[in-house]
Amino acid sequence: MDRLEYAAIALSGDFNPSEMEKIESSGFDSSLLFRSPIELNRNKLKNFARNFSSVIRTLSTYGNFITHRDEEYPDSLKHIFEPPSVLFFRGKVSLLNSKSVLAVVGSRKADRYGTSVAREYSRLLSERGITIVSGLAVGIDAEAHIGALDGSGTTVGVLGTGIDVYYPASNSSLIRSVMEKGCVISEYLPGTPPLKQNFPRRNRIIAGLARAVLVVQATIRSGSLITARLALENGRDVYAVPGDINRKNSEGTNWLIKNGAKLVAEFGDVIEEFPEIDIGELNEGSVDSEVLEVLGTGSLTFGELLLKTKLPSKDLIVELTNLQLEGYVYEENGRWNRT
């Protein structure tokens, strides 16, 4: 059985690698249609018989895929629950076998706190050689990919649609950028539309590719908590960024921390879990910042900083957030301090 026939059979019947191994060992091939000499799910066999001819035509015109048998197939996925038999890809497929991979996930309705943390952490971690994987959704996913692209560009996006279906449409340019500088993958046949049931399913791939999952912001019923659960079931670590106890977007992350996830208060809390990364000093070089200069005289409240720097309130918030994420300042009892 060549790789084209392997992929066509697997995709036509939605057969997992274990089922495909049985099919291959039995000598079963596409010419037998659903008259299988081995016991397989009858519905899957009927789907195979119905879909095979159209699937083989699609695969014949779209060659960018790897199968579970190929060398390029990521080792990290081989032992998860129901690994995909086939992965379509665009971009640098070698990134799927990166040694240091972190999944960054969270709410689609993230606020400025969540989006700034996701983007900045992903940039800092990407700059230090960690590949960021996420789901190319709006909100935290998108910010994680953008941050990684701002860093070294080592990022992998996992679609819940066909590889040629850009969803959501608002992320089309981002998806193309990830394809160009990183890698985008999908287990679904090209042309597959955004079906609701496919997105929770693809979360097992996001969790499986990574050594650990970082949840930045999530409600208690968020799909990100599904990813966290899948990560734990497959022996991955789970980290979470704490949030305001009065915000629904923090309920999920705070619950994870309460139940054993590692609390992440700065990006160094994540990077210390990747001992193979030679990070040197976390805060290298100097930063030209009026806020840092003012804080050099002692701790100040936000209002005092406004008076001394004369910065607009929104600009000061952004500046403090960036400095805090990079480890230059911290807040304690309502006062800002230099580290």
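Our structure's up above, just so we're on the same page.
Computed from a predicted model, the values in this text were never measured in an experiment. (Residues numbered from 1 in each chain as written. Predicted model: local features only at pLDDT ≥ 70, side-chain atom pairs only at ≥ 80, totals over all residues. Heavy atoms only, no water.)

Caption draft 1: Focus on the pairing of strand 4 (residues 131-134). Burial along strand 4 is two-sided: the residues Thr131 and Val133 and Ile132 and Ser134 are all buried. Sheet topology note: the strand 3 (residues 101-105)/strand 4 ladder contains three bridges and is parallel. Along strand 4, the bridge assignment pairs Leu102 with Ile132. In the classification by handedness, the crossover that spans strand 4, the intervening helix 5 (residues 140-151) and the parallel strand 5 (residues 155-158) is right-handed. (Buried < 20%, exposed > 50% of the residue type's maximum accessible area, 1.4 Å probe, protein only. Helix = DSSP H or I, 4+ residues; strand = E, 2+ residues; numbered from the N terminus. Pairing = 2+ DSSP bridges. Right-handed = clockwise from strand over helix to strand, strands pointing away.)

Caption draft 2: Summary view of the packing of helix 5 against helix 6 (residues 172-181). Axis separation between helix 5 and helix 6 bottoms out at 11 Å; the angle between their running directions is 40 degrees. Taken together, helix 5 and helix 6 sit at an angle that is classed as oblique. For the pair helix 5 and helix 6, the crossing hand works out as left-handed. Across the interface between the two elements, Ala142, His145, Ile146 and Leu149 from helix 5 touch Leu174, Ser177, Val178 and Lys181 from helix 6. Split by residue class, the contact of helix 5 with helix 6 holds five nonpolar, two polar and one charged. (Axes fitted to C-alpha atoms, helices over the stretch in contact; angles between N-to-C directions. Parallel < 35°, antiparallel > 145°, perpendicular 65-115°, else oblique. Left-handed = near helix turned anticlockwise from the far one by under 90°. Contact = heavy atoms within 4.5 Å. Nonpolar A, V, L, I, M, F, W, Y, C, P; charged D, E, K, R; others polar.)

Caption draft 3: Quick peek at the side chain of Ser126. Summarising the element assignment, Ser126 is placed in helix 4 (residues 112-127). In terms of polar contacts, Ser126 uses its side chain to reach the side chain of Ser152, at 2.7 Å. (Polar contact = N/O pair within 3.5 Å; in protein donor to acceptor, adjacent residues only side chain to side chain.)

Caption draft 4: Focus on the pattern of salt bridges. Enumeration according to the criterion identifies 17 salt bridges in this entry. Here Glu187 ties to Arg204 by a salt bridge, and the two come within 2.8 Å at their closest N and O atoms. On the criterion of sequence distance, the pair formed by Glu187 in the loop between strand 6 (183-186) and helix 7 (198-209) and Arg204 in helix 7 is long-range, its members being 17 residues apart. Here the two residues Glu187 and Arg204 agree in accessibility, since each one is buried. (Salt bridge = Lys/Arg side-chain N within 4 Å of Asp/Glu carboxyl O.)

Caption draft 5: Quick peek at the packing of aromatic side chains. Overall, the coordinates contain four aromatic pairs when judged by the stated rule. With a centroid separation of 5.4 Å and an interplanar angle of 65 degrees, the aromatic rings of Phe48 and Phe52 are classed as edge-to-face. Separated by four residues within a single helix, Phe48 and Phe52 lie in helix 3 (residues 42-61), roughly one turn from each other. Each member of the pair, Phe48 together with Phe52, is buried. Through pairs of rings, three or more aromatic residues link up here, namely Tyr62, Phe65 and Phe88. A cation over a ring is seen here: Lys262 above Tyr239, with NZ or CZ 5.9 Å from the ring centre. (Phe/Tyr/Trp six-rings, centres within 6.5 Å; stacked < 30°, edge-to-face > 60°. Lys NZ or Arg CZ within 6 Å of the ring centre and 35° of its normal.)

Caption draft 6: Inspection of unusual backbone geometry at higher detail. Cis geometry marks the peptide bond from Tyr167 to Pro168; its omega dihedral reads -5 degrees. Within the secondary structure, Pro168 sits in the loop between strand 5 and helix 6. Phi angles above zero are rare outside glycine, and Asp14 is one such case at about 55 degrees. On the basis of relative accessible area, Asp14 is assigned to the partly exposed category, the value being 40%. Non-glycine residue Lys310 carries a positive phi angle of around 60 degrees. Tracing the chain through its elements places Lys310 in the loop between helix 12 (302-309) and helix 13 (313-325). Judged by its relative accessible area of 70%, Lys310 is exposed.

Caption draft 7: Representation of helix 7. For helix 7, which comprises twelve residues, the first-to-last C-alpha distance of 17 Å matches the rise-based estimate of 16 Å (1.5 Å per residue) to within 8%. In terms of burial, helix 7 is largely enclosed, as ten of its twelve residues are buried. (Expected span 1.5 Å × (residues − 1).)

Caption draft 8: Just the sheet that holds strand 8 (residues 237-240), in detail. What the nine strands build is an open sheet, ordered 1-2-6-5-4-3-7-8-9; its pairing is mixed. Two strands close off the open sheet at either side, each with one partner strand: strand 1 (65-67) and strand 9 (262-263). As paired elements, strand 3 and strand 7 (residues 212-215) share four bridges and run parallel to each other. Bridge pairing links Val104 to Leu214 in strand 7. With respect to the sheet, helix 6 is in contact with strand 2 (86-91), strand 5 and strand 6, its orientation differing from that of strand 6 by roughly 110 degrees.

Caption draft 9: Local environment of the nonpolar core. Among the nonpolar cores identified, the biggest contains 33 residues, and Val133, Val156, Ile185, Leu209 and Leu256 are the most heavily contacted of them. Sequence-distant contacts of Leu209, that is, excluding residues within four places in its chain, are made with Pro74, Ser76, Leu77, Leu96, Val101, Val133, Val156, Val158 and Ile185. Judged by nonpolar contacts, the second largest core, of 29 residues, contains Leu59, Ile163, Leu174 and Val178. (Core = buried A, V, L, I, M, F, W, Y, C linked by side-chain atoms within 4.5 Å.)

Caption draft 10: Summary view of the environment of Asn249. Structurally, Asn249 can be placed in helix 9 (residues 248-258). For Asn249 and Ile80, which are 169 residues apart along the polypeptide, the C-alpha to C-alpha distance reads 29 Å. Residue contacts for Asn249: discarding those within four places in its chain leaves Ser107, Lys109, Ala110, Asp111, Gln217, Ala218 and Thr219. A polar contact is formed between the side chain of Asn249 and the backbone oxygen of Lys109, at a distance of 2.8 Å.

By themselves these figures say nothing about function.
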